[in-house]
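Commentary on secondary and tertiary structure
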Amino acid sequence: MAKAPRKGIYSCFSQEELREAYDNMTVFSDAVANAFFSDVFTTQHVIRAVIERDDLIVTKVKTQSSVDNVHGHSVRFDVLANDSEGNFYNIEIQNASHDNLLARADFYGASIKTRYFKKNKSYSDHRVMPSIMPRVYVIFFVKDGKYCDDKLVNRFALKDEANRDTGVGMRIYFVNGSLHDDSPVGKISHDFSCKNASEMKDEVVANQFSTIKQAEFKKMETFMQKVFDEGERRGEMRGEKRGEKRGEKRGRAEGEKTGIIKGKLEQLKEITQRVMASMNTTLEEAMIYLKLNDDEKCILRSSMA
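What you see is a predicted model; the values in this text were computed from it and never measured. (Residues numbered from 1 in each chain as written. Predicted model: local features only at pLDDT ≥ 70, side-chain atom pairs only at ≥ 80, totals over all residues. Heavy atoms only, no water.)

Some words on the packing of helix H3 (residues 40-51) against helix H5 (residues 184-191)
Rules: A fitted line through C-alpha atoms serves as each axis, taken over the contacting stretch for helices, and the angle formed by two N-to-C directions is quoted from 0 to 180°. Where helices and strands are cited, they refer to DSSP runs of H or I of at least four residues and of E of at least two residues respectively, numbered from the N terminus. Angle categories: roughly parallel below 35 degrees, roughly antiparallel above 145, roughly perpendicular from 65 to 115, and oblique for all the rest. Here is the rule for handedness: rotate from the far helix to the near one, and if that takes an anticlockwise turn smaller than a right angle the crossing is left-handed, while a clockwise turn gives right-handed. The contact criterion used is simple: two residues touch if any of their non-hydrogen atoms lie within 4.5 Å.
One way to put it is that H3 packs onto H5 with a least axis distance of 8 Å and a crossing angle of 125 degrees. By the angle between their axes, H3 is oblique relative to H5. Note that H3 runs across H5; the crossing there is left-handed. Residue-level inspection shows His 45, Val 46, Ala 49 and Val 50 of H3 in contact with H5, the latter providing Pro 184, Val 185 and Ile 188.

Below you can see the structure in the form of structure tokens.
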């Protein structure tokens, strides 16, 4: 029996190409990171390693959580966790570094304090346990190591002129994704760039990665199929309407054909934009990742200019 013709995404990419793209994903891939950090125990394990506290207990984790600001800039966190002492932990997975990373980390921490410091509470109560004013830890895993100062972990804290820690203010940690060693955080940094659980050194990270990878890839494949099918449907509808408006069979047929072509372009644009957003890449990097040919790149550049 002949195989049914491939539809949607499969008309543009082979199953082998999709499988290769999926296999190349790591914890630094946004879709994988969301599922990876949804587990409380795994998130607790990572935070403990970074801030070097084996006694903290994470009680709650949210991924893609937001703090809205009607008067200014709103923020969306990759991961926002709480512990049993009322502290907050923001984890960000950074594939491509930007010049404003430190300012961004500072603003994210300030946004958490503004949102969660309760009304009518005294600033002087910040040392009470559990904290009245929340202690905030902002942790950036930076793939290329920017702002890490060639260290595995670069730490920022509020200190006085005598270089004494004031005990207030947020703590910012930049973890270098390009440096690895046999320390707990060094193993995790190594593992976040691994494509296979078998290559990983940290047992907790490897187990969680292995658990979520196939399930998450399956969801991604289903989502991408829907994106392409919807683009094709819209293109066909537009083509049919244009053809009907001309009132000629030839015009309708040509309209349908044009609509389908435009629908295909919409599919390609939408999936490219999704890749750019989820992997934090440029258009050129996304086109390389999707393995587009020169003609497709040229058309896509023009349509997204």
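Next comes the rest of the write-up.
Considerations on the packing of aromatic side chains
Working definition: an aromatic ring pair is given by the centre-to-centre distance plus the angle between the planes. Basically, it comes down to this: Paired rings are identified among Phe, Tyr and Trp, the last through its six-membered ring, by centres lying within 6.5 Å, and are further divided according to the angle between planes into stacked (under 30 degrees), edge-to-face (over 60) and tilted (the rest). Three labels apply to residues, based on accessible area from a 1.4 Å probe with only protein chains included: buried if under 20% of the type maximum, exposed if over 50%, partly exposed otherwise in between.
Per the counting criterion, the structure on display carries 11 aromatic pairs. When the ring of Phe 141 is compared with that of Phe 192, the centres are 4.8 Å apart and the planes differ by 50 degrees; the resulting orientation is tilted. Residue Phe 141 is found in strand S4 (residues 136-142), and its partner Phe 192 is found in the loop between H5 and helix H6 (203-246); the two are separated by 51 residues along the sequence. Neither Phe 141 nor Phe 192 differs from the other in exposure class; each is buried.

A look at the sheet that holds S4
The condition that has to hold: Two strands qualify as a pair provided that DSSP identifies no fewer than 2 bridges between them.
The strand order across the open sheet built from six strands is S1-S2-S3-S4-S6-S5, with neighbouring strands paired in mixed fashion. The sheet is open, and its two borders are formed by strand S1 (58-67) and strand S5 (153-156), each paired with just one other strand. The sheet shows a mean angle of 20 degrees between the axes of neighbouring strands, direction not considered. With eight bridges connecting them, S1 and strand S2 (residues 75-83) associate as antiparallel partners. Looking at S2, one finds that Val 61 is bridged to Ala 81. Lying on the sheet, H3 is in contact with S1, S2, strand S3 (88-94), S4, S5 and strand S6 (171-176); it crosses S4 at an angle near 90 degrees.

Regarding the confidence of the model for the protein
Rules: Confidence scores per residue from the predictor, reported as pLDDT, run from 0 to 100.
Mean pLDDT over the protein works out to 78, with 70% of the residues at or above the 70 mark. Counted against residues more than four places away or in other chains, residues 5-11, with its pLDDT under 50, gives 18 contacts.

Things to note about H3
In plain terms, the rule: One less than the number of residues in a helix, times 1.5 Å, gives the span that helix is expected to have. Counted as a polar contact is a pair of N or O atoms within 3.5 Å, where, for protein atoms, one must be capable of donating a hydrogen and the other of accepting one, and residues adjacent in sequence contribute only when both atoms are in side chains.
Its 12 residues give H3 an end-to-end C-alpha distance of 16 Å, which sits within 8% of 16 Å, the value for a rise of 1.5 Å per residue. Three or more residues of H3 are buried, namely Thr 42, Thr 43, Gln 44, Val 46, Ile 47, Ala 49, Val 50 and Ile 51. The N-capping residue of H3, defined by a side-chain oxygen 3.4 Å from the backbone nitrogen of Phe 41, is Asp 39. Positive phi appears at Glu 52, one or two residues downstream of H3, with a value of about 60 degrees.

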